[in-house]
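Observations on the model geometry
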Amino acid sequence: MNSKKLVLVDGNSIAFRAFFAMHNVLEKFKNADGLHTNAIYAFNNMLDLILSKSKPTDMLVAFDAGKTTFRTKMYADYKGNRPHTPSEFSEQLPCIKELLTARGIKSYELANYEADDIIGTMARTAQKQGYQVVVVTGDRDLTQLVTDQITVAVTIKGVSDLEFYTPEHFQEKLGITPEQLIDLKALMGDNSDNYPGVTKVGEKTGLKLLKQYGSLENLYANLDMMKPSKLKEHLQSDQEQAFLSKKLATIDTAAPVQLDLADLAYAGDQEEQLIPLYRKLNFRSFLDKMKVPFDPNHMESQQQINYQILDATTLPDLIETTTPVSVVVEMIEDNYHTAPIIGLAFASSEQVWVSDDAGLLADASFKQWLQDAAKAKYVFDFKRDYVALHRYGAILDGVLFDVLLGSYLLDVNDNSNDLGSLAQTYGYSGLLPDIEFYGKGARKAVPQSAQLLEHLASKAAAIRYLQTKLPEQLRQHDQDQLFEEIELPLAQVLADMEIDGVRVDPTILYKMQNQLGERLQQLQNDIYQQAGKEFNINSSQQLSKILFEDLGLKPLKKTKTGYSTSVEVLEKLRDQAPIVADILNYRQVAKIQSTYVGGLLNSIAPDGRVHTRYLQTLTQTGRLSSVDPNLQNIPARLDEGRKIRQAFVPKQADWEIFSSDYSQIELRVLAHLSGDQNMQQAFKENYDIHAHTAMRIFGLDDIAEVTPNMRRKAKATNFGIVYGISDYGLAKNIGISRTEAAQFIQSYFDQYPDVKKYMDQMVQLARENGYVETIMHRRRYLPDIHARNFNLRSFAERTAMNTPIQGSAADIIKIAMINMQKQLRQRDLKARMLLQVHDELIFEAPEDEIPILEKLVPQIMDSAVQLDVPLKVSSAHGKSWYDAKG
DNA sequence: GCGCTCACG
DNA sequence: ACGTACGTGAGCGCC
């Protein structure tokens, strides 16, 4: 045994994964020549990781030579189902090879052979010479090479998250030896390489057979003795295929590789090649690591920012500036309804001003400037700044660009919501993320003034920098309208709603608190008595001890930490012990008491109103979310909880709560997007869509024949369709067998054939583009659509189907909100829009305006966009939110 | 800070 | 064969 360590990298597989791991930044990673660099970048990251972790003495990156290999000669369809390689990827391959040379790493390819075979051959050769070998790949097939000396690292997610297969790990994971992996592949085939194996044999059956028979050969030698079964028949009829698959799955460890181990010595970075290459590729961060400047002529690229203190003498300079100014309103707490402003910063094209004195906001000329719509401004998070300044008596207007909103539209995934991190991803490294500057948790603190001012100055500069980058990218994504006409105006509308808040009557909540408290006491006593002892009912751990150990009930479902005690489980156990019903009841009441009664009481502001914050840049679909408190999940389904809504009341006694909601907006969006004539007709004729669906999938002639149960199932199926259906999910939801559910889905697609086409099309689109879009071009990237892991991939596929539907519905209500706010102003109505709950808008209004709203709100909502089917809106009003129900 | 449970559309 | 419905937030227990 010698001290040599050889790392063998599966070049194509890692490069391809690198490409998709960073697919969401594909257009961001482009150099001056228009060459995409995302795969090169991620590949180089992986190299750094391997080099520092494994410290190889020798290294080789193997590539596939071309489409035809000895395997395609054996089996013409080998890898025949691979989609066309995107050109954005292929263009990067030569550069990856150039990069390898510059990093002192040998690369190699061999006509008629795959990278696998080169790796297999070199791994075995090196092993004989006593080398330690590490193979890095995205393909689990290579684990067949694993021995005591050969470790195979397979990518889990991206390219830097690796799972290391040693003989022990392999055994643990699959329960067979690495050599037996070939036989397993022979039996189960390989979808991605497009060879068949034995019909109906997958991993489970394959492993069982191998554990029993040891090898493919032995299995077939003893096949006659197997008792008759479908499996046996398949094994018999597919024998030839199985042995062909075995040949295809076997890595050639004696390929005619013209390489000597001595050629593979890792030479280290060749700086005279590497530095110009990094510069050509725009790889600042890698140059930084080498302590080499990106631009040799400008060593001082990260110079400190010169700023002036904003005070009575410098204020006129700011106010007289004619160029756009970036604005920073600094608060360190999240909740901008209450957080003090600890600093202000402004940057024009020539000058930066900062202050840690919010008292400046008392200055009339300053306020005038902030409010002047003709003074162009750029910000990071308009809504936050607007609400905070409003508390200080200042109005912010003239905002042309919001960096946070822009970055959210470009990539909903990248939601760090931090200016420093955002600036960094766009190549501006002069600003620390807030979490690093201020610290977090208990260590969070405001540094001394000079540092703070410096930080604020950098923020103002970073906003200006991003403003030069993001708008162009929004245009490239065709998202300028989405930004300018929807998200930015909506931020203003939401700010108004949040500032207004909604009145919540504490006396009603106190009354409930007392009543619920008594009920909880009663239930608690009953439960303790039946359990024979006292315990914390809120602890699922203690509860599961009582139920499944002391009382001997049968656990039906496990969680990561123990037995589940969820509603789903408890409902099934309800009849077996009376304690179960009491626990369910207790849970329900306890939830209302702690989350809603207590939670709401805690969040009533001194003005008697509750001011939520809508997060506009959080969800992956374009919906809003609501926090501190969440007013989008106030109980509605059961009357017991719904009573909470009695506490949501209008500002005055002679006012009312008015509510309008879209009926089945998501299904209507689906009918529009899919173009399905049957579904469109149902909406155009204003049929009961769930009953109509029931009639169709149950093959009835008349809607009158539809029973309530049929309608219930059809309704669940409609929901399932919107979520990206699976037979398993549907079966679980409506309590039927999987086969039945599968038949349901089949007849659903027979009845709505274009819906099926739409679903397939969305998945296809996600595969080709890497993302899906809503009607307003809101975009969501789905890198996992290419995952080898079934779960990750399936999830991405369902997301591809669901996001355009949920997201387009979100687009629609956002447009309606903007139009609605405009109408309320134009008509000089006293009515105020208070809340949005995804497909519902809630207002407070004087009684005499209710008839106006009853016409106006539905009209605005159903005309927000023009779809191929009508949008339907229902309204209601009453003395509280509880009473505003149809 | 994470997992569980449960509230909403 | 695999094992889940899509999108959220909050309170609690536990460590």
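Residues numbered from 1 in each chain as written. Chains lettered and ligands numbered in written order. Predicted model: local features only at pLDDT ≥ 70, side-chain atom pairs only at ≥ 80, totals over all residues. Heavy atoms only, no water.

Next up on the list: the overall build of chain A. Scanning chain A for helices and strands turns up 37 helices and 22 strands. Taking 29 Å as the expected radius of gyration for a compact globule of 886 residues, we find that chain A reaches 32 Å, a close match to that expectation. Taken along its principal axes, the extent of the C-alpha atoms in chain A is 90 × 80 × 60 Å. Considering chain A as a whole, with its 886 residues, one finds that 53% of them fall into the buried category. Nonlocal contacts in chain A, meaning residues at least 24 apart in sequence, comprise 68% of its contacts between residues at least 6 apart. Within the structure as shown, chain A displays about 40400 Å² of accessible surface, and the carbon and sulfur contribution to it stands at 48%. (Helix = DSSP H or I, 4+ residues; strand = E, 2+ residues; numbered from the N terminus. Rg over C-alpha atoms; globule rule 2.2 N^0.38 Å. Buried < 20%, exposed > 50% of the residue type's maximum accessible area, 1.4 Å probe, protein only. Contact = heavy atoms within 4.5 Å. Areas by Shrake-Rupley, 256 points an atom, 1.4 Å probe, with all protein chains shown as cover.)

For the rest of this paragraph, the subject is the confidence of the model for chain A. Counting all residues, the mean pLDDT for chain A is 89, and 97% of those residues have values of 70 or more. A low-confidence stretch, residues 298-303 (pLDDT under 50), is modelled with two contacts involving residues beyond four sequence positions or located in other chains. (pLDDT = per-residue confidence, 0-100.)

As a further point, take the protein's contact with DNA strand C. Neighbouring DNA strand C are 40 residues; Lys-204, Ser-625, Tyr-728, Arg-738 and Phe-790 lie closest to it. One of the side-chain N or O atoms of Arg-623 is found 3.4 Å from a base nitrogen in DNA strand C. Ranked by residue count, the leading element in the surface near DNA strand C is helix 36 (residues 790-826), at seven residues. Of the residues that constitute the surface near DNA strand C, the class distribution is 10 nonpolar, 21 polar and nine charged. (Near = heavy atom within 4 Å. Polar contact = N/O pair within 3.5 Å; in protein donor to acceptor, adjacent residues only side chain to side chain. Nonpolar A, V, L, I, M, F, W, Y, C, P; charged D, E, K, R; others polar.)

Attention shifts here to the domain arrangement of chain A. Entries for chain A in the domain assignment read domain 1 (5-264), domain 2 (302-476) and domain 3 (514-644). A straight line from the C-alpha centre of domain 1 to that of domain 3 covers 49 Å. (Domains from an automatic or database assignment.)

What follows deals with the nonpolar core. In terms of nonpolar packing, the biggest core is built from 196 residues, with Phe-346, Phe-366, Ile-644 and Tyr-662 touching the most fellow members. Among the elements that line this core, the one with the most residues is helix 36, at 13 residues. Shared between two domains, this core takes at least three residues from each, and those domains are domain 2 (302-476) and domain 3 (514-644). Counting 49 residues, the second largest nonpolar core, distinct from the first, contains Ala-115, Leu-216, Tyr-220 and Leu-261. (Core = buried A, V, L, I, M, F, W, Y, C linked by side-chain atoms within 4.5 Å.)

Here we come to the pattern of salt bridges. Applying the stated criterion to the full structure yields 33 salt bridges. Between Glu-330 and Lys-459 there is a salt bridge; the shortest N-O distance is 3.0 Å. Of this pair, Glu-330 sits in strand 8 (residues 325-330) while Lys-459 sits in helix 21 (residues 449-467), and the two are 129 residues apart along the sequence. Neither residue differs from the other here; Glu-330 and Lys-459 are each classed as buried. Between Asp-811 and Arg-778 there is a salt bridge, with the nearest N and O atoms lying 3.0 Å from each other. Of this pair, Asp-811 sits in helix 36 while Arg-778 sits in the loop between strand 18 (771-773) and strand 19 (779-781), placing them 33 residues apart in sequence. One salt-bridge network, in which partners are shared between bridges, spans Glu-487, Arg-778, Asp-811 and Lys-814. (Salt bridge = Lys/Arg side-chain N within 4 Å of Asp/Glu carboxyl O.)

Before going further, it helps to examine the packing of helix 33 (residues 727-734) against helix 34 (residues 738-751). One way to put it is that helix 33 packs onto helix 34 with a least axis distance of 8 Å and a crossing angle of 110 degrees. Comparing their axes, helix 34 and helix 33 come out roughly perpendicular. For the pair helix 33 and helix 34, the sense of crossing is right-handed. Mapping the contact onto sequence places Asp-727, Tyr-728, Leu-730 and Ala-731 in helix 33 and Arg-738, Ala-741, Ala-742, Phe-744 and Ile-745 in helix 34. (Axes fitted to C-alpha atoms, helices over the stretch in contact; angles between N-to-C directions. Parallel < 35°, antiparallel > 145°, perpendicular 65-115°, else oblique. Left-handed = near helix turned anticlockwise from the far one by under 90°.)

Turning to the protein's contact with DNA strand B, a few remarks are in order. Every one of the 22 residues lining DNA strand B counts as a neighbour, but Val-567, Lys-591, Ala-636, Arg-637 and Asp-839 are closest to it. Sugar and phosphate atoms form 75% of the subset of DNA strand B atoms that lie within 4 Å of the protein. The separation between a sugar or linking oxygen of DNA strand B and a polar side-chain atom of Tyr-596 is 3.4 Å. At a separation of 2.9 Å, a base nitrogen of DNA strand B approaches a polar side-chain atom of Asn-633. The dominant element in the surface near DNA strand B, judged by the number of residues it contributes, is helix 27 (residues 578-602), at four residues. Taken together, the residues of the surface near DNA strand B sort by class into six nonpolar, 10 polar and six charged.

What follows is about the packing of aromatic side chains. Across all of its chains, the model carries 23 aromatic pairs by this definition. Aromatic pair Tyr-428 and Tyr-465: ring centres 5.1 Å apart, planes at 45 degrees, arrangement tilted. Of the two residues, Tyr-428 is situated in the loop between helix 19 (419-425) and helix 20 (434-438) and Tyr-465 in helix 21; the sequence distance between them amounts to 37 residues. With a relative accessible area of 16%, Tyr-428 lands in the buried category. The ring of Phe-63 is capped by Lys-97, whose NZ or CZ atom sits 4.7 Å from the centre of that ring. (Phe/Tyr/Trp six-rings, centres within 6.5 Å; stacked < 30°, edge-to-face > 60°. Lys NZ or Arg CZ within 6 Å of the ring centre and 35° of its normal.)

A few words now on unusual backbone geometry. Of note, the bond from Asp-628 into Pro-629 is cis; its omega dihedral lies within 30 degrees of zero at 0 degrees. Mapped onto the secondary structure, Pro-629 falls in the loop between strand 16 (625-627) and helix 28 (639-642). Positioned with a positive phi, Asn-282 is a non-glycine residue whose angle comes to about 70 degrees. As for its position among the elements, Asn-282 is in the loop between helix 13 (271-281) and helix 14 (284-289).

Let us look at the packing of helix 23 (residues 480-500) against helix 36. Here helix 23 crosses helix 36 at 60 degrees, and the two axes come no closer than 9 Å. Judged on the interaxial angle alone, helix 36 and helix 23 are oblique. For the pair helix 23 and helix 36, the crossing hand works out as left-handed. Across the interface between the two elements, Leu-482, Glu-485, Ile-486, Glu-487, Pro-489, Leu-490, Val-493, Leu-494, Asp-496 and Met-497 of helix 23 pack against Asp-811, Lys-814, Ile-815, Met-817, Ile-818, Gln-821 and Arg-825 of helix 36. Looking at side-chain class alone, the contact of helix 23 with helix 36 contains 10 nonpolar, one polar and six charged residues.

A word on the sheet that holds strand 7 (residues 308-309). Strand order across the open sheet formed by six strands is 7-10-9-8-11-12, with mixed pairing between neighbours. Across the chains shown, the open sheet's two edge strands, defined by having one partner strand only, are strand 7 and strand 12 (399-402). Relative to strand 9 (residues 343-347), strand 8 is paired through five bridges, and the arrangement is antiparallel. Each residue of the ladder has a partner; that of Ser-326, found in strand 9, is Ala-347. (Pairing = 2+ DSSP bridges.)

Moving on, we get to the sheet that holds strand 17 (residues 655-662). The four strands lie next to each other as 20-21-17-22, forming an open sheet whose pairing is antiparallel. Edge positions in the open sheet fall to strand 20 (832-836) and strand 22 (873-878), since each of these has one partner strand only. With strand direction ignored, the average angle separating the axes of adjacent strands in the sheet is 25 degrees. Bridging between strand 17 and strand 21 (residues 840-846) involves seven bridges; their strand directions are antiparallel. From the neighbouring strand, Phe-658 faces strand 21, where its bridge partner is Phe-843. Most of the contacts of helix 36 go to strand 20, to which it runs at about 165 degrees, and overall it touches strand 17, strand 20 and strand 21. Across the sheet, helix 37 (residues 850-862) lies against strand 17, strand 21 and strand 22, angled at about 25 degrees from strand 17, the strand it touches most.

On to the side chain of Glu-330. Judged by its relative accessible area of 3%, Glu-330 falls in the buried class. Side-chain polar atoms of Glu-330 contact the side chain of Tyr-438, separated by 2.5 Å. Other than its neighbours up to four places away in sequence, Glu-330 contacts Pro-340, Ile-341, Ile-342, Gly-343, Asp-434, Tyr-438, His-455, Leu-456 and Lys-459.

Let us now look at the environment of Val-706. Among the structural elements, Val-706 can be located in the loop between helix 31 (689-697) and helix 32 (708-723). You can call Val-706 buried: its relative accessible area is 15%. In this view, Val-706 contacts Ala-691, Ala-694, Met-695, Leu-700 and Arg-711; residues no more than four positions away in its chain are not counted.

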